Amino acid sequence: MVSGRGRTAFRSSSSRVALALKKAPAFFLLFIVISSSVAFLLVVSVLQKQNVPDLRDARSNQGQNVFHEDGEEWLWRVPLSRKLRPCTKPTRSYTAPEDWDRYITVRSNGGLNQMRTGICDMVAVARMLNATLVIPQLDRKSFWQDSSSFSDIFDEEHFIATLKGDVRIVKELPKELESVPKARKHFTSWSSKSYYEDIAQLWKTYKVIHVPKSDSRLSNNDVPLDIQRLRCRAMYYALRFSRPIEEIGMKLVERLRSHGKYIALHLRYEKDMLSFTGCTYGLTDNEAKELSIMRQNTNHWKTKQINSTEQRIGGNCPLTPKEVGIFLRALGYPSSTLIYIAAGEIYGGDRHLAELKSYFPNLYFKETVAMPEELEVFASHASQTAAIDYIVSVESDVFVPSYSGNMARAVEGHRRFLGHRMTISPDRKGLVELFDKTEAGELKEGPFFSSLVSQMHKSRLGTPRERKGPLPGVKGRARLRTEESFYENPFPECICKTGHTHMA
Ligand SMILES: *[C@@H]1O[C@H](CO)[C@@H](O)[C@H](O)[C@H]1NC(C)=O
Ligand SMILES: *[C@@H]1O[C@H](CO)[C@@H](O)[C@H](O)[C@H]1NC(C)=O
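How each quantity is defined
- For every chain, the first residue of the written sequence is number 1, and numbering continues from 1 onward in sequence order.
- As a convention, the first chain written is A and the first ligand written is 1, with the rest following in written order.
- Local features in this predicted model are restricted to residues whose pLDDT is 70 or higher, and side-chain atom pairs enter the listing and the counts only when it is 80 or higher, whereas totals over whole chains, interfaces and linings include all residues.
- Note: side-chain values were computed over all heavy atoms of the structure, leaving out hydrogens and water.
- Residue-level confidence of the predictor, termed pLDDT, takes values from 0 up to 100.
- Contacts were defined at the residue level, with two residues in contact if any of their heavy atoms lie within 4.5 Å.
- The cut-offs for exposure are 20% and 50% of the maximum accessible area for each residue type, with area from a 1.4 Å probe on protein chains only; residues under the lower value are buried, those over the upper are exposed, and the others partly exposed.
- Helix and strand labels come from DSSP, where a helix needs a run of H or I of at least four residues and a strand needs a run of E of at least two; each type is numbered from the N terminus.
- For two strands to pair, DSSP has to find at least two bridges joining them.
- Here the term right-handed applies to a crossover when the path leading from its first strand over the helix to its second strand runs clockwise, the strands being oriented away from the viewer.
- Each axis is a line fitted through C-alpha atoms, and for a helix only the stretch in contact is used; angles between axes span 0 to 180 degrees, taken between their N-to-C directions.
- Between the first and last residue of a helix there are one fewer steps than residues, each counted as 1.5 Å, and that sum is the expected span.
- Here a residue is near a molecule or strand as soon as one of its heavy atoms is found within 4 Å of it.
- Residues adjacent in sequence count toward polar contacts only when both atoms are side-chain atoms; beyond that, a polar contact is any pair of N or O atoms within 3.5 Å, and within protein one must be able to donate a hydrogen and the other to accept it.
- The accessible surface values rely on the Shrake-Rupley method and a 1.4 Å probe; as for residues, cover is taken only from the protein chains in view.
- Each residue is assigned to one of three groups, with Ala, Val, Leu, Ile, Met, Phe, Trp, Tyr, Cys and Pro labelled nonpolar, Asp, Glu, Lys and Arg labelled charged, and all others, Gly among them, labelled polar.
- The rule for a disulfide is simple: a pair of cysteine sulfur atoms within 2.5 Å.

A closer look at the confidence of the model for the protein chain
Averaged over all residues, the pLDDT of the protein chain is 87; the fraction at 70 or higher stands at 85%. Counting interchain partners and residues more than four positions distant, the pLDDT-below-50 stretch residues 1–50 has 37 contacts. Confidence drops under pLDDT 50 across residues 62–70; counting only partners more than four residues distant or on other chains, this segment forms 16 contacts.

Focus on the pairing of strand β10 (residues 398–401)
Residues Val 398 and Val 400 line one face of β10 and the alternating positions Phe 399 and Pro 401 line the opposite face, and both faces are buried. Sheet topology places β10 next to strand β11 (residues 422–423); two bridges connect them, and they run parallel. What sits directly across from Phe 399, in β11, is Thr 423. Remark: the β10/helix α18 (residues 406–417)/β11 crossover connection has right-handed handedness.

Structural notes on unusual backbone geometry
Backbone torsion omega between Phe 491 and Pro 492 reads 20°, so that peptide bond is classified as cis. Tracing the backbone through its elements, the reader meets Pro 492 in the loop between α21 (478–482) and β12 (495–497). With phi around 50°, Ser 216 is a residue other than glycine that occupies positive phi space. Within the secondary structure layout, Ser 216 lies in the loop between β6 (208–211) and α8 (225–238). You can call Ser 216 partly exposed: its relative accessible area is 24%. Despite not being glycine, Asp 222 shows a phi value in the positive range, around 55°.

Let's talk about the sheet that holds strand β9 (residues 363–364)
Overall, parallel pairing links the five strands, which are arranged β9-β8-β7-β10-β11 in an open sheet. Here the strands that pair on one side only, and so sit at the sheet edges, are β9 and β11. Summarising the sheet, strand β7 (residues 262–266) and β10 pair through four bridges and their orientation is parallel. The partner of Ala 264 across the bridge, within β10, is Phe 399. The strands that α18 touches are β7, β10 and β11; relative to β10, the one it contacts most, it runs at about 155°.

Examining the environment of Arg 140
On the secondary structure map, Arg 140 appears in the loop between β3 (132–134) and α5 (150–153). When the C-alpha positions of Arg 140 and Ser 108 are compared, they lie 9.4 Å apart, and in sequence the two are 32 residues distant. Not counting residues within four places of it along the chain, the set of residues in contact with Arg 140 comprises Gln 145, Asp 146, Ser 147, Ser 148 and Ser 149.

What to know about helix α4 (residues 112–128)
Relative to the 24 Å expected for 17 residues at 1.5 Å per residue, α4 spans 24 Å between its end C-alpha atoms, a close match to the ideal helical length. Burial analysis of α4 places 16 of its 17 residues in the buried class, which makes it a mostly covered element. Asn 130 sits one or two residues past α4 and shows a positive phi near 50°.

A few points about the sheet that holds β6
Pairing in this open sheet of five strands is parallel, and the strands run β4-β3-β2-β6-β5 from one edge to the other. Each end of this open sheet is capped by a strand with a single partner; those strands are β4 (169–170) and β5 (183–184). Bridge count between strand β2 (residues 103–106) and β6: four bridges; the pairing is parallel. Within the sheet, the bridge partner assigned to Ile 104 lies in β6 and is Ile 209.

With respect to the site of ligand 1
Neighbouring residues of ligand 1: Glu 98, Trp 100, Met 128, Asn 130 and Ala 200. Between Glu 98 and ligand 1, the recorded distance is 3.2 Å, taken from a side-chain N or O atom to an oxygen atom. The side chain of Asn 130 places a nitrogen or oxygen atom 2.3 Å from an oxygen atom of ligand 1. Contact with the protein chains hides 46% of the accessible area of ligand 1, taken as 360 Å² for the molecule alone. A breakdown of the residues in the shell around ligand 1 according to their chemical character gives three nonpolar, one polar and one charged.

Remarks on the state of the cysteines
The tally for this structure, following the rule as stated, stands at three disulfides. Here Cys 279 connects covalently by a disulfide to Cys 317, the sulfurs 2.0 Å from one another. Every disulfide takes its handedness from the sign of the S-S torsion; for Cys 279 and Cys 317 that torsion is -90°, giving left-handed. You can see Cys 279 sitting in the loop between α10 (271–277) and α11 (285–297) and its partner Cys 317 sitting in the loop between α12 (308–313) and α13 (321–331), a full 38 residues away along the chain. Across this residue pair, the class does not change: Cys 279 and Cys 317 are buried.

Quick look at the structure:
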């Protein structure tokens, strides 16, 4: 399925240039020497356009830094967060866990990042319930059909050791408890500490509580500071990826870095997402039909009939690759910008990528930054390849998600935690309005268009701010759902002003 996206085009254009250089180096040099400066610049710019460097070849970056344009510093803004730093140490009243002989077993559900946040919440829940946590089972039935176990994706020993001052974690339920009656409990979504205090009553009857779903079981706010900090310790220190994944991830980061700064673009233009959201803008009739059939046939997707136009103008559609191209160009990123596409298979492949690629030819996927044999062991495991993309995204100079979702939120939060690395969150509703105006001929791409786009995103660059509360006007428990996710922005609990010495 992941058949060398874009690699063919990429190889042929670079080899064409290489061939030309090999055949006639003398002529080429002579040509440069005798040309006027105008002609010289022309040649260089044409060459730069065609010569998309092979990042896997260490020689390809000699003396080359793909882009460095003066006066465009904000595009690669160095974070303005020097006075802020991570603070995850417990307060003085925090105590070590006791050796409770009660257990929580968990089945984590969802894709990689839904499972990651769920696992960290279950660490916090185990702590609140004074229970021993059994290493969670991962979801094998989700859309991604990944058979990976916890230790395939995460460094299990590190997870257990890092949290030993917080929660006792074991690999398996003790043999003698395997056959005892268990409380099977679907925890209520977005629950707070008092809910879990009530749940603790179950210990009077049971020694094991089984939790069949781990996503969003703990509220974002109204949780004691020490529990919030524990969530951060779990997420940012304990739940590290397994060694093979960390290694390949950092290798890709190094290869990209050796060519300069790069944008990680989470291009959520995958079949499942388009089908789920019912967004057919820019697709052919056949494609729209295919996605609609997929939606009708997916049982747990409740909304079957969707008006694509309304979805789009409401800002509920992932930006198309072309729209992302227009967006980044309007922000001022030069066409030489290195872009790493963090995504699964792009729907329609090269056909839908063509326009983005024509604006930004230096477009890479993990398949074009890594050697095929380096990716082989991960290839049939969606969660493992997603983990590689996660690493490259967290480490990028700029992160741009084309849609909001678990991965976008998790990466943004992690980047905030690490020092407010820049994340540009597109205002999809506002952008679509501008795009539609250009399509209707009421607006043209250019300096004015750019200034509108830049203005629109001034406060969407991931700069420090406290986590947002619920949307105004929403009543009851529904408001909990509208709060900004804890892992999207762990400020203020886990990001503090320097000088608060007790926090560290
Ligand atoms: C957990 O243990 C602590 C310390 O022993 C105790 O204060 C607290 O009430 C216990 N909580 C539950 C839910 O059992
Ligand atoms: C979808 O919504 C748009 C805008 O509200 C409307 O013009 C169009 O007729 C709707 N299409 C269908 C098939 O209902």
